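Given next are the chains, with one letter for each unit.
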There are 2 protein chains.
Amino acid sequence: MIQIAVMGHGVVGSGVTEILLKHSDEIAKKVHEEIYIKKVLDLREFPDSPIAERFTKNFDDILNDDEIKIVVEVMGGLNPAYDFVKKCLLSGKSVVTSNKELVAAKGAELLKIADENNLNFLFEASVGGGIPIIRPLNQCLAANDVYEIDGILNGTTNYILAKMIKESMSFNDALAKAQKKGYAERNPAADVEGHDACRKICILASLVFGKHVYPDSVHTEGITNVSLTDVEYASAWGGVIKLIGSVKLTDGKQEIIVAPMFVKNECQLSTVDGVFNAILVKGDSTGDVVFYGKGAGKLPTASAVVADVMDCVTHKNERRYIMWEDGCKNDILPFEQSKYSMYVLANAENTDAAFETANNLFGCCERLTRNNPEQSELAFITPVMTYADFEKAKADFEQTGIKTISAIRIAVI
Amino acid sequence: MIQIAVMGHGVVGSGVTEILLKHSDEIAKKVHEEIYIKKVLDLREFPDSPIAERFTKNFDDILNDDEIKIVVEVMGGLNPAYDFVKKCLLSGKSVVTSNKELVAAKGAELLKIADENNLNFLFEASVGGGIPIIRPLNQCLAANDVYEIDGILNGTTNYILAKMIKESMSFNDALAKAQKKGYAERNPAADVEGHDACRKICILASLVFGKHVYPDSVHTEGITNVSLTDVEYASAWGGVIKLIGSVKLTDGKQEIIVAPMFVKNECQLSTVDGVFNAILVKGDSTGDVVFYGKGAGKLPTASAVVADVMDCVTHKNERRYIMWEDGCKNDILPFEQSKYSMYVLANAENTDAAFETANNLFGCCERLTRNNPEQSELAFITPVMTYADFEKAKADFEQTGIKTISAIRIAVI
């Protein structure tokens, strides 16, 4: 029998105990050992839990219990999760977490401590919820040079965009609906401003390229400015708008970004619907591989956590080969040097003249049309250019009295 | 340093040696040990190989070399692969294979021998080529009850169907094109008659439900009878025709089949294009998870083989938890008892009268229409019924002088 503790009894935490209790026999058969939840840490009371007597409000009850060999951290947030996890690792306990904020902020440090103590620090559930991605990336694709990852990493924003695309719902209405359905929080900033997706692409980038990428070094745009007009022009162009987290190697540096992008209808990521996530991995041997599924939710996420716990049990004195070093901003290509073709929506008195100006300033552009446009509306796609050059040309463009309303990258996937 | 042998230097085998040589440093870093190809078995000569001097035509050179701890079998076919693999396992060598025919026919026996000798027998590449599926199924989804798998498991047939769907190419023309492109063999029977997909769904079913399913107990239909008319009616119905391998638990028995099916456009499997494969896994906790990528090809398949080799290296004296028992026909639900709604294309003098007859015999049917149909053409969808009941009603239907041209299942995914 192996004894574990679960820190946090919220959505994911209660799912973890539910799965461990419900599937205890099958799990024991698979890992050749019974997994016993000795302690659950939560400040709230859960008198109706079948293991109510094992709850504690005191972290030290877990830390100081030498029989507890694996600790599951599903509290979320950076503090006190970081302090607790670090102390657990330093005291010889392997840790499994679903906490993307923690891994994105402190992954390199915690992996190093785990390594020095010959323990495991696993976080399959931190990206893609129930979609197996960290382990396949690490193991199945081990014989590949993975050179690019593009993903729809946040279900809330994908749900909102899908409502805008399929039902012509406005951003605000779609957000309200997502909140009503429990897909978005009352304060939706972390989702709609792209921070959640950013944490996840940071974790994937760190894993694949071996150096920690910190969220604050990643250019991140959310979807709050995406309008139904943009959605219509994306459709006219032959695609959809998706919030994409992307990382690839360019001249030895990581080109990494989170932003809404135009995605062609032919791309596998264009059909990802509702709260689903999809992660496209490009390897030199495998070609394109896509992992698709529910990126969040109680049981999908909890099942990924439990799979990690099982992996810890079967690798008690052996490190699973997840590891990356610390990284610095110098590893990242400044986003101004990143090259994209851009969709531009502008307001001009004379749209034909404005399009001529656009061609002069941005280079040869492709004009887009839609049904019943405003008279002053001009939409076009620029050639591929660095963001710095785009910003310069855009400033000159606006100097002529034209107002730029939207500017969205065209995904290169 | 760990020494291995590779049996077979065809498409996949040459890819395996290529990857192991090209990525040797990164791989050694990941598994903390150099992997050295000591022998390559092939009856042909490869004087230009950088390791030409390590080739042998004699299997005993591998079998009797106690320094060789891992053997890669990428010869394909049942014989002599089965004999060689069995002997390797019995003499204490772990085996990695990409050979779906071998695993589908002898998996239970070989896994048992591996288990008894505390060795690994791994076959990630046998299903889905470079798509990680066996390991995620086994590990990441370990905390789930997986209750259903539906997959597009054969790239050749998917390529042919995609050509029929998108370019209105006939089956024969699409097959010829696939052959020209090297996607289909000169004798395409194993692909177009569904046998290849059948082996793969057998492997997945065995893995998930723990009992070996032999291909000859699976009802298998190919795509040779699918016509452009059927493709058009699928489109009118709101979907596409795909060759689906499906297994699910029904009343404690495995309901398993390989057949062309109507798949709704909303289903993730409907958009799988060209030679790609996709496998949809349904688990009680994760919900739907889809794995998508190239199901065949030299480097995708070889990279999956190499990942297994790396797993063997890091788990030398430890069994990876892939295991299933032997199975029997009694574990399988007879396909006549399987329930599907059916698409029927028929020829009748009076189609309105024939549709009335259909409603009387099959129950309330949905009539389909297309542009410019033949005058004698009737297409409809029956209610859900067992295949036995469908066959009975169809016989009665034909008794009235109507000729049934096509009958295709409607996928329940």
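Residues numbered from 1 in each chain as written. Chains lettered and ligands numbered in written order. Predicted model: local features only at pLDDT ≥ 70, side-chain atom pairs only at ≥ 80, totals over all residues.

A few words on the overall build of chain A. Along chain A, the regular secondary structure elements total 14 helices and 18 strands. Its C-alpha atoms give chain A a radius of gyration of 23 Å, within 12% of the compact-globule value 22 Å for 413 residues. Expressed along its principal axes, the backbone C-alpha trace of chain A runs to roughly 75 × 45 × 35 Å. Taken over 413 residues, chain A has a buried fraction of 52%. (Helix = DSSP H or I, 4+ residues; strand = E, 2+ residues; numbered from the N terminus. Rg over C-alpha atoms; globule rule 2.2 N^0.38 Å. Buried ≥ 20, exposed ≤ 12 C-beta atoms within 10 Å, placed from the backbone.)

Once that is clear, we can look at the domain arrangement of chain A. Residues and elements named next belong to chain A. Each assigned domain of chain A is listed here: domain 1 (2–129 + 299–329), domain 2 (139–294) and domain 3 (336–410). The C-alpha centroid of domain 3 is placed 24 Å from the C-alpha centroid of domain 2. In this complex, domain 2 contributes 15 residues to the contact, which on the side of domain 3 involves 12 residues. Within the residue set of the side of domain 2 that touches domain 3, elements represented by two or more residues are helix H11 (228–237) and strand S10 (253–264). Partitioning the side of domain 2 that touches domain 3 into residue classes produces 9 nonpolar, 3 polar and 3 charged. (Domains from an automatic or database assignment. Contact = placed C-beta atoms within 7 Å. Nonpolar A, V, L, I, M, F, W, Y, C, P; charged D, E, K, R; others polar.)

Moving on, we get to the interface of chain A and chain B. Contacts between chain A and chain B engage 39 residues on the former and 39 residues on the latter. Mapped onto the side of chain A that touches chain B, the elements with two or more residues apiece are helix H2 (24–31), helix H6 (134–140), strand S12 (287–294) and helix H12 (298–314) of chain A. The element contributing the most residues to the side of chain A that touches chain B is H12 of chain A, with 9 residues. Of the residues belonging to the side of chain A that touches chain B, the class tally is 21 nonpolar, 12 polar and 6 charged. Bridge count for S12 of chain A against strand S12 (residues 287–294) of chain B is 5 bridges, and the pairing is antiparallel. By the bridge assignment, Gly 293 of chain A is partnered in S12 of chain B with Val 289 of chain B. (Pairing = 2+ DSSP bridges.)

Looking now at the nonpolar core. Grouped burial of nonpolar side chains is what soluble globular proteins tend to show. With 269 residues, the main nonpolar core has Val 72, Val 305 and Val 309 of chain A together with Val 72, Val 305 and Val 309 of chain B as its most contacted residues. When near neighbours in sequence (up to four residues on either side) are disregarded, Val 72 of chain A contacts Ile 4, Ala 5, Val 6, Met 7, Val 16, Val 96, Val 305 and Val 309 of chain A. (Core = buried A, V, L, I, M, F, W, Y, C linked by C-beta atoms within 7 Å.)

This part takes up the sheet that holds strand S1 (residues 2–7) of chain A. Residues and elements named next belong to chain A. Overall, parallel pairing links the 6 strands, which are arranged S3-S2-S1-S4-S5-S6 in an open sheet. Pairing within the sheet leaves two strands with one partner each, and these edge strands are strand S3 (55–56) and strand S6 (121–122). Across 4 bridges, strand S4 (residues 68–73) lies against strand S5 (residues 94–97) in parallel orientation. What sits directly across from Val 71, in S5, is Val 95.

The subject of this paragraph is the pairing of S4 of chain A. Residues and elements named next belong to chain A. Buried residues dominate S4, accounting for 5 of its 6 residues. Here 5 bridges tie S1 to S4, and the two strands are oriented parallel to one another. Among the inter-strand pairings, Ile 4 is bridged to a residue of S4, identified as Ile 70. Tracing the backbone out of S4, into helix H4 (residues 81–90) and back to the parallel element S5 gives a crossover that is right-handed. (Right-handed = clockwise from strand over helix to strand, strands pointing away.)

Overlay of chain A on chain B (RMSD 0.0 Å): rotation 180 degrees, translation along the axis 0.0 Å. In short, the pair behaves as if placed about a two-fold rotation axis. Looking at the rotation axis and the C-alpha trace of chain A, the residue lying nearest is Phe 291 of chain A, at 2.5 Å. A symmetric contact is evident, with 100% of the interface residues of chain A recurring at the interface of chain B. (Least-squares fit on C-alpha atoms with pLDDT ≥ 70 in both.)

Time to look at the pairing of S12 of chain B. All names here are of chain B. Among the 8 residues of S12, 6 are classified as buried, and the element is accordingly described as predominantly covered. Bridge count between strand S11 (residues 276–283) and S12: 8 bridges; the pairing is antiparallel. For Phe 276, the partnering residue across the bridge sits in S12 and is Lys 294. Between S11 and S12, which pair antiparallel and follow one another directly, the connecting turn spans 3 residues.

All names here are of chain B. Spatially, the 6 strands line up as an open sheet ordered S3-S2-S1-S4-S5-S6, and their pairing is parallel. Each of the sheet's edge strands pairs with one partner strand only, and the pair in question is strand S3 (55–56) and strand S6 (121–122). Its contacts with the sheet put helix H1 (residues 11–22) on strand S1 (2–7), strand S2 (35–41) and strand S4 (68–73), and the angle it makes with S2 is roughly 155 degrees. Sheet strands touched by helix H12 (residues 298–314): S1, S2, S4, strand S5 (94–97) and S6. Its angle to S5, the strand with the most contacts, is close to 165 degrees. (Axes fitted to C-alpha atoms, helices over the stretch in contact; angles between N-to-C directions.)

Its place among the elements puts Leu 207 of chain B in helix H10 (residues 195–209). Excluding residues that lie within four positions of it along the chain, Leu 207 of chain B makes contacts with Ile 134, Leu 137, Asn 138, Ile 322 and Trp 324 of chain B.

Once that is clear, we can look at helix H1 (residues 11–22) of chain A. All names here are of chain A. For H1, built from 12 residues, the straight-helix expectation of 16 Å at 1.5 Å per residue is met to within 8% by its first-to-last C-alpha distance of 16 Å. Three or more residues of H1 are buried, namely Val 12, Gly 13, Gly 15, Val 16, Thr 17, Ile 19 and Leu 20. Close packing links the buried residues of H1 with S1, H2, strand S2 (35–41), S4 and H12. (Expected span 1.5 Å × (residues − 1).)

This brings us to unusual backbone geometry. Residues and elements named next belong to chain A. Here the residue pair Asn 79 and Pro 80 is connected by a cis peptide bond, since its omega of 5 degrees sits within 30 degrees of zero. Of note, the phi angle at His 32 is positive, near 60 degrees, even though the residue is not glycine. If you trace the backbone, His 32 turns up in the loop between H2 and S2. Residue classification places His 32 among the exposed positions, given that 10 C-beta atoms sit within 10 Å. Phi at Ser 168 takes a positive value of approximately 50 degrees, unusual for a residue other than glycine.

Residues and elements named next belong to chain B. The terminal C-alpha atoms of helix H5 (residues 100–116) lie 22 Å apart, and with 17 residues this matches the ideal 24 Å at 1.5 Å per residue to within 8%. Where H5 bends most, the angle comes to about 80 degrees, and this point is Lys 106. All buried positions along H5 are accounted for by Lys 100, Glu 101, Leu 102, Val 103, Ala 104, Ala 105, Gly 107, Leu 110, Leu 111 and Ala 114. Residues of H5 that are buried in the fold lie against helix H4 (81–90), S5, S6 and H10. Remark: Asn 118 follows H5 within two positions and exhibits a positive phi of approximately 50 degrees. (Bend = angle between axes of the 7 residues up to and from the residue.)

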